[in-house]
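# Structural description and commentary
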Amino acid sequence: MPSTPSPFLESISRLMTVRRYSKRTIEAYLYWVKYFIIFHKKRHPSEMSGLEVEQFLTHLAVERKIVQITRFLQDIIPAFAEGIDV
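Definitions and cut-offs
Residues numbered from 1 in each chain as written. Predicted model: local features only at pLDDT ≥ 70, side-chain atom pairs only at ≥ 80, totals over all residues. Heavy atoms only, no water. Helix = DSSP H or I, 4+ residues; strand = E, 2+ residues; numbered from the N terminus. Polar contact = N/O pair within 3.5 Å; in protein donor to acceptor, adjacent residues only side chain to side chain. Core = buried A, V, L, I, M, F, W, Y, C linked by side-chain atoms within 4.5 Å. Buried < 20%, exposed > 50% of the residue type's maximum accessible area, 1.4 Å probe, protein only. Phe/Tyr/Trp six-rings, centres within 6.5 Å; stacked < 30°, edge-to-face > 60°. Expected span 1.5 Å × (residues − 1). Arc of directions from axis to C-beta. Axes fitted to C-alpha atoms, helices over the stretch in contact; angles between N-to-C directions. Parallel < 35°, antiparallel > 145°, perpendicular 65-115°, else oblique. Left-handed = near helix turned anticlockwise from the far one by under 90°. Contact = heavy atoms within 4.5 Å. Nonpolar A, V, L, I, M, F, W, Y, C, P; charged D, E, K, R; others polar.

Right, let's get into the environment of H44. Checked against the element boundaries, H44 lands in the loop between α2 (23-39) and α3 (50-62). Each C-alpha atom of the pair H44 and F8 lies 8.6 Å from the other, and the pair is 36 residues apart in sequence. Reaching out from H44, the side chain makes a polar contact with the side chain of S46 at a distance of 2.8 Å.

Below is the structure:
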């Protein structure tokens, strides 16, 4: 049985489709948003603040050795969490 898609992730996908992002870009961004949510024990981004974004980015830089973090991860996750149409 397929899992029910998240309305939150669907809204991100729809917005990116309207803005003509490529399918691969949308898939990559959705991967990172899911990873962010799972990293914080499946809490909805609207329940989190900049502190959680900072913790996630620090985890990526220190534990995963990912130094170059896209602007998307820094800006769009908090914006969606606050309900801002980026």
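Next comes the rest of the write-up.
Grouped together as the largest cluster of nonpolar side chains are 17 residues, with contacts concentrated most on F8, L9, I12, V33, F36, F56 and L60. Of all the elements in the fold, those that place two or more residues in this core are α1 (7-18), α2 and α3. The greatest single-element share of this core, amounting to eight residues, is contributed by α2.

Looking now at the packing of aromatic side chains. Tallied over the entire structure, the rule returns seven aromatic pairs. A centroid spacing of 5.1 Å and a plane angle of 80° characterise the contact between Y31 and W32, whose relative ring orientation is edge-to-face. For the pair F36 and F56, a centre-to-centre distance of 5.3 Å together with 80° between the ring planes defines the contact as edge-to-face. Remark: F56 occurs in helix α3 and F36 occurs in helix α2; sequence separation between them is 20 residues. F56 shares its class with F36; the two are buried. In this structure an aromatic cluster arises from ring pairing among Y31, W32, Y35, F36, F39 and F56.

We now examine α3. The end-to-end C-alpha distance of α3, which contains 13 residues, comes to 18 Å, matching closely the 18 Å that a straight helix rising 1.5 Å per residue would cover. Residues of α3 that are buried include every one of E52, V53, F56, L57, H59 and L60, and no others. Looking straight down α3, one finds that the buried residues subtend no more than 155° of arc, so they occupy a single side.

As a further point, take the packing of α1 against α2. The N-to-C vectors of α1 and α2 enclose an angle of 155°; their axes lie 10 Å apart at closest approach. On the basis of their axis angle, the class for α1 and α2 is roughly antiparallel. Read as a crossing pair, α1 and α2 show a hand that is right-handed. Across the interface between the two elements, F8, L9, I12, S13, M16 and T17 of α1 pack against T25, I26, Y29, L30, V33, K34 and I37 of α2. Of the residues that constitute the contact of α1 with α2, the class distribution is nine nonpolar, three polar and one charged.

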